[in-house]
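Fold and contact review
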Amino acid sequence: MGVKPVGTAPGGDNAIVTQMSPNWITTRLDFLVNWARANSLWPMPFGTACCAIEFMATAASRFDISRFGMERLGYSPRQADVLLCAGRLPFKLAPVIRRIYDQMPQPKWVISMGACASSGGIFDTYAMTQGIDTVVPVDVYVPGCPPRPEGLLYGILLLHKKIKGETMVDKAIREEEVLRRGALRLPPELIDEVSEPFGNSVHQTRSA
Amino acid sequence: MGEKRTVGLDLATPGMDASGQPVRVPLGVADPRGEIGDVEGGIGTEHLLLNMGPQHPATHGVLRLVVELDGEVVVRVIPHIGYLHSGFEKLGEYRFYNQIIPLTDRTDYLAPMANNVCLAMGAEKLMGIEITERCKVLRVIACEMSRIISHLVWLGTTAVDLGAFTPFLWTFQERERMYDLQEAWTGARLTTSLTRVGGLMADIPEGFEEGLRKCCKRLPKVLDEAERMLTNSAIWCARTQGIGVLSAEDAINFSMSGPMIRASGVDYDVRKDRPYLDYETYDFEVPIGENGDVYDRYLVRLVEMRQSVRILEQALDRLPDGPINVDDPRVILPPKTAAMNDMESMIFHFKQVMEGVRAPAGEAYVAIENGKGELGTYFVSDGTAKPVRWRIRPPSFINLSALPKMAEGHLIADLIAINASVDIVMGEIDR
Amino acid sequence: MNPSVEALRREFGDKIGRALESCGDTIVYVDVGSAREILGWLKDAPDQEYNYLIDVTAVEYRDPELPLEVVYLLFSLRRKVQLCVKISLPKDAKLEVDSVVPLWQGANWLEREVFDMFGITFREHPDLRRILMWETYSEGYPLRKDFPLRGRLSRAEQVRRALHANPEAHYSLEELSIAEAYNDLPEDMRRRLASGERDEIPEAGGKRTDG
């Protein structure tokens, strides 16, 4: 931990410093802010499908998400820091996640849990977005179908790492352009490109 | 929401003015528009419209309920579903029969092994394959484990919905123990893909039987604890008894199945009425409710878990030795070593992987009793290796369709209890 | 062969088409015009009592010449017998059958799903709207064989149209009233609702080129 009680009292009297020191810290503001943010992330669980069950398992007795300061499940986007999309995101749900994301106050982060949320997974069909990043920006992708609770916890730790690397000086990190309804956040060509089937699914649906 | 409609019928939202802004009616003053709402003692009331979901913690997934309320009383509920529609059935038409099995994990993801079993049974009926004795017993074990896991999740989440958090931790702890067994067997906690057409993906691992026996011993104690907390609790009874009553006639008319129809007093269990996997040779009872309310559904599910333990113990006792797969190289992949070493096995391996297993033209419907109700697989084949139509008969989809009927006239808080009692899983409802 | 087929022939004569057996289950084809009457008879006749509707679904074959089929799976809770009743719908005629909701409430959502996925209209259905796809969905009926697996439009266009759907469009009192009073609505409004007029999506973007 980098928070150390250090300080010099005016006048330079060491005895006073020793007396006062428990009430003084000096640290980088960035460090303090990021430390506080990372260790008390309030999740907004956007659980849709199978991954939500694993998220529940992560939150329940054995894996205990409260070790990471995340046991306060928000269910209200207005009091949440991290949007945790656990599960498939069909097109019918796309405007909903966009609305929820827009309602969250800054600073906010997004974890995309599982293959379907990250890339559409095995559902390369007419009904599914091929990854939630076509709709909202994503900070951490957790692979797996579904990810094990340990995998999700690792993703959360990665997010901690990312948060701890942020700085308040760079305002661009927290800048957000609110899109009007129906606007795409990526250029259409890019959405088409990232939605292309890849790997095994190309062959599996070759006849399609 | 676009512009106002200009048809003769006045369907404008009573709470909104012409420009779509909410109209505030001062308390104690009769509604000037008179015809809307009940006017009693000069206090104008109007129905409130409440939207729950699709992202609401109490709707068990991405279900959206539009509720019309008169004070706290539910006048009407209109469920909106489809927020998790992923095109399973369409996707199945582009897959070989064995390739569909991974899809079934993700329909009812609270009981994946039972879904796997149902799909394999459908394909086997279509192809006329008779599975081995050991496979049958192992599949019974898979089905009953699934039922227990599914009911445990139901019990935990329903208790949370009604304000009791502790049973959630107990049931999830117990479920984790079942999951460990499931994982040891299939390699996955949730997406098991246990079965193959004509057999199983793998035999049970070493230590599985002892582990399952231990689970069978412990589970009734956990249920006892949960029951001590809930069954006679005044709060639990007040929140569940007489709530969401569905008569036997209605239950049949709404095509309900599983605990929903049995709690209403109809003795319908696929395991007894259309036995599969030799269920008729197991000794177990089917619990039947009397009142058809939320409390009876709770009791039925608890007894079902205890009966599942009985079935599991019987299955473990009778588990025969022998192969798990049928002896037919056209259906079952040859072992890797054989495929690498002899020509014939390699050809069978190649043909199966590249061309799939052909099913004769025809159609087959099989149903199993899943935790949610009657889970069916309906296959139509035109003689190729991919089905023309793969249909899941989704129990919770059909059970949920009676929600408006059950919730009418109850309080909004009871709606949560009723919705929880249906035991829905959106992956299966929306498919 | 299920003896109900013989009983049906005696009762309804040439309204009963061919009957066949597949994998041990009996399938009987019935005339589209009198399907509801026949199903009602199967439900209530004392020696039939197929009182439980397992499922309603539809099938389209890969061969474009073959008609669509609506499938009713019936079960008798007392006699423990299952029967599959089918209706053929040639593609050149109107895809319309009578709704069986007056017989079984459980058919409500099942028929809505068939309507949503296959575009088969159920006459006198109390609330025939799309159920799984959203109401402004305009690409067609997903389970039809001419519908490509990935939909007709490019992915970007699909995302754009999806994001245009207003998440609040669904919970107006208007809609609640419509659900009940659908059949009393003026014809033009019913048509607009049926075609999914809720939210206008501006035209843009192209068709999918890769099929």
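Small disclaimer: the values here were computed from a predicted structure and weren't measured. (Residues numbered from 1 in each chain as written. Chains lettered and ligands numbered in written order. Predicted model: local features only at pLDDT ≥ 70, side-chain atom pairs only at ≥ 80, totals over all residues. Heavy atoms only, no water.)

Digging into the overall build of chain A
Along its length, chain A carries eight helices and four strands. The linear arrangement of helices and strands in chain A, starting from the amino end, is α-α-β-α-β-α-β-α-β-α-α-α. Here chain A, with 208 residues, has 48% of them falling under the buried criterion. Put simply, 75% of the contacts in chain A that link residues at least 6 apart link residues at least 24 apart. (Helix = DSSP H or I, 4+ residues; strand = E, 2+ residues; numbered from the N terminus. Buried < 20%, exposed > 50% of the residue type's maximum accessible area, 1.4 Å probe, protein only. Contact = heavy atoms within 4.5 Å.)

Let's talk about the interface of chain C and chain A
Tallying the contact residues gives 27 residues for chain C and 27 residues for chain A. Across the chain C/chain A interface, buried area totals approximately 2300 Å², and carbon plus sulfur atoms make up 61% of it. For the chain C face of the interface with chain A, the top three residues by lost area are Leu 149, Arg 155 and Leu 163 of chain C, together amounting to 31%. Viewed at the interface, chain A and chain C are joined by two salt bridges. Along the lines of polarity and charge, the residues of the side of chain C that touches chain A split into 15 nonpolar, six polar and six charged. (Buried area = accessible area lost by both parts, 1.4 Å probe. Salt bridge = Lys/Arg side-chain N within 4 Å of Asp/Glu carboxyl O. Nonpolar A, V, L, I, M, F, W, Y, C, P; charged D, E, K, R; others polar.)

As for the pairing of strand β5 (residues 73–80) of chain B
Residues and elements named next belong to chain B. In terms of residue burial, β5 counts as a mostly covered element, since six of its eight residues are buried. In terms of strand pairing, strand β4 (residues 64–70) meets β5 through seven bridges, oriented antiparallel. The residue bridging Glu 68 from the neighbouring strand is Arg 76, located in β5. Between β4 and β5, which pair antiparallel and follow one another directly, the connecting turn spans two residues, one of which, Gly 71, has a positive phi of 65 degrees. (Pairing = 2+ DSSP bridges.)

Here we look at the packing of aromatic side chains
In this description, a pair of aromatic rings is defined by centroid distance and the angle of the planes. All names here are of chain B. In the structure shown here, the tally under the stated rule is 17 aromatic pairs over all chains. Here Phe 168 and Phe 172 contribute two aromatic rings whose centre-to-centre distance is 4.4 Å and whose plane-to-plane angle is 35 degrees, an arrangement assigned as tilted. Of this pair, Phe 168 and Phe 172 are both found in helix α5 (residues 166–186), four residues apart, which corresponds to roughly one turn of the helix. We classify Phe 168 as buried; its relative accessible area is 9%. Within the aromatic cluster, the residues linked to one another by ring pairs are Tyr 276, Tyr 279, Tyr 282 and Phe 284. Above the face of the Trp 154 ring, Arg 301 is positioned so that its terminal group lies 4.4 Å from the ring centre. (Phe/Tyr/Trp six-rings, centres within 6.5 Å; stacked < 30°, edge-to-face > 60°. Lys NZ or Arg CZ within 6 Å of the ring centre and 35° of its normal.)

Structural notes on the sheet that holds strand β8 (residues 362–369) of chain B
Residues and elements named next belong to chain B. Here we have three strands laid out as an open sheet, ordered β8-β9-β10, and antiparallel in their pairing. Either end of the sheet is taken by a strand with one partner, and the two such strands are β8 and β10 (389–393). Going from strand to strand, the sheet's axes swing by 10 degrees on average, the running direction of each strand aside. For β8 and strand β9 (residues 374–381), the ladder comprises eight bridges, and the chain directions are antiparallel. When the sheet's bridge partners are listed, Tyr 365 is paired in β9 with Tyr 378. (Axes fitted to C-alpha atoms, helices over the stretch in contact; angles between N-to-C directions.)

Here we look at the confidence of the model for chain A
Any residue range with low pLDDT should be treated as having predicted coordinates unsuitable for detailed reading. On average, residues of chain A score 81 in pLDDT, and 84% of them reach the 70 mark or higher. Counted against residues more than four places away or in other chains, residues 1–7 of chain A, with its pLDDT under 50, gives 12 contacts. (pLDDT = per-residue confidence, 0-100.)

So, the side chain of His 151 of chain B
All names here are of chain B. Tracing the chain through its elements places His 151 in helix α4 (residues 133–161). Within the structure, the side chain of His 151 is placed 2.8 Å from the side chain of Glu 304, a separation counted as a polar contact. The residues contacting His 151, other than those within four sequence positions of it, are Pro 259, Arg 301, Glu 304, Met 305, Gly 371 and Asp 423. (Polar contact = N/O pair within 3.5 Å; in protein donor to acceptor, adjacent residues only side chain to side chain.)

Some points on the environment of Asp 278 of chain B
All names here are of chain B. Within the element layout of this structure, Asp 278 appears in the loop between α10 (270–273) and α11 (294–318). Taking the C-alpha atoms as reference, Asp 278 lies 9.5 Å from Glu 133; in sequence the two are 145 residues apart. Those residues within four positions of Asp 278 in sequence are excluded, and the remaining contacts are Glu 133 and Lys 136.

Let's talk about the pattern of salt bridges
Any two side chains of opposite charge can pair, given that their charged atoms come close. Residues and elements named next belong to chain B. Evaluation of the coordinates by the stated rule reveals 58 salt bridges over all chains. In this structure, the salt-bridge partner of Arg 106 is Asp 105, at a minimum N-O distance of 3.6 Å. Assessed through its relative accessible area of 8%, Arg 106 is described here as buried. Put simply, Lys 136 and Glu 130 hold a salt bridge, and the shortest N to O gap is 3.5 Å. Take Glu 130: its relative accessible area is 61%, and that puts it in the exposed class. Beyond isolated ion pairs, a larger network of salt bridges with shared partners links Glu 144, Arg 147, Arg 262, Asp 269, Arg 271, Glu 304 and Glu 369.

Quick look at helix α3 (residues 107–118) of chain C
All names here are of chain C. A rise of 1.5 Å per residue sets the reference length of α3, with its 12 residues, at 16 Å; its end C-alpha atoms lie 16 Å apart and thus fit the reference within 8%. Of all 12 residues that make up α3, 12 are buried, and the element is covered over most of its length. Every buried residue belonging to α3 is among Ala 107, Asn 108, Trp 109, Leu 110, Glu 111, Arg 112, Glu 113, Val 114, Phe 115, Asp 116, Met 117 and Phe 118, and all of these are buried. Of the residues trailing α3, Gly 119 is marked for its positive phi of about 75 degrees. (Expected span 1.5 Å × (residues − 1).)

Thoughts on the nonpolar core
Formed by 229 residues in total, the largest nonpolar core has its most connected members in Ile 81, Tyr 109, Ile 141 and Trp 185 of chain B together with Tyr 72 and Ile 120 of chain C. Here the element with the most residues in this core is α4 of chain B; it accounts for 15 residues. Ignoring anything within four residues of it in the chain, the contact list for Tyr 109 of chain B reads Thr 48, Ala 49, Cys 50 and Ile 53 of chain A together with Leu 84, Leu 190, Val 425, Met 426 and Gly 427 of chain B. Counting residues in each nonpolar core, the second largest holds 20 residues, with Cys 51, Phe 68, Ile 111 and Val 142 of chain A among its members. (Core = buried A, V, L, I, M, F, W, Y, C linked by side-chain atoms within 4.5 Å.)

Digging into helix α2 (residues 29–39) of chain A
Residue and element names in this part refer to chain A. The complete set of buried residues in α2 reads Asp 30, Val 33, Asn 34 and Ala 38. Here the buried residues of α2 occupy an arc of 125 degrees about the axis, which is enough to place them on one side. Taken together, the buried residues of α2 touch α6 (149–164). (Arc of directions from axis to C-beta.)

Overview of the sheet that holds strand β3 (residues 52–59) of chain C
All names here are of chain C. One open sheet holds the five strands; their spatial order is β1-β2-β5-β4-β3, and the pairing between them is mixed. Strands at the two margins of the open sheet, each flanked by one partner only, are β1 (16–22) and β3. For this sheet, the mean inter-axis angle between neighbouring strands, taken without regard to orientation, is 20 degrees. Across seven bridges, the pairing between β3 and strand β4 (residues 68–76) is antiparallel. Directly across from Ala 58, in β4, lies its bridge partner Val 70.

So, unusual backbone geometry
Residue and element names in this part refer to chain A. Pro 107 follows Gln 106 through a cis peptide bond whose omega is -5 degrees. If you trace the backbone, Pro 107 turns up in the loop between α4 (94–103) and β3 (109–113). In this model, Cys 145 is joined to Pro 146 through a cis peptide bond whose omega is -15 degrees. Of note, Pro 146 is situated in the loop between β4 (140–142) and α6.

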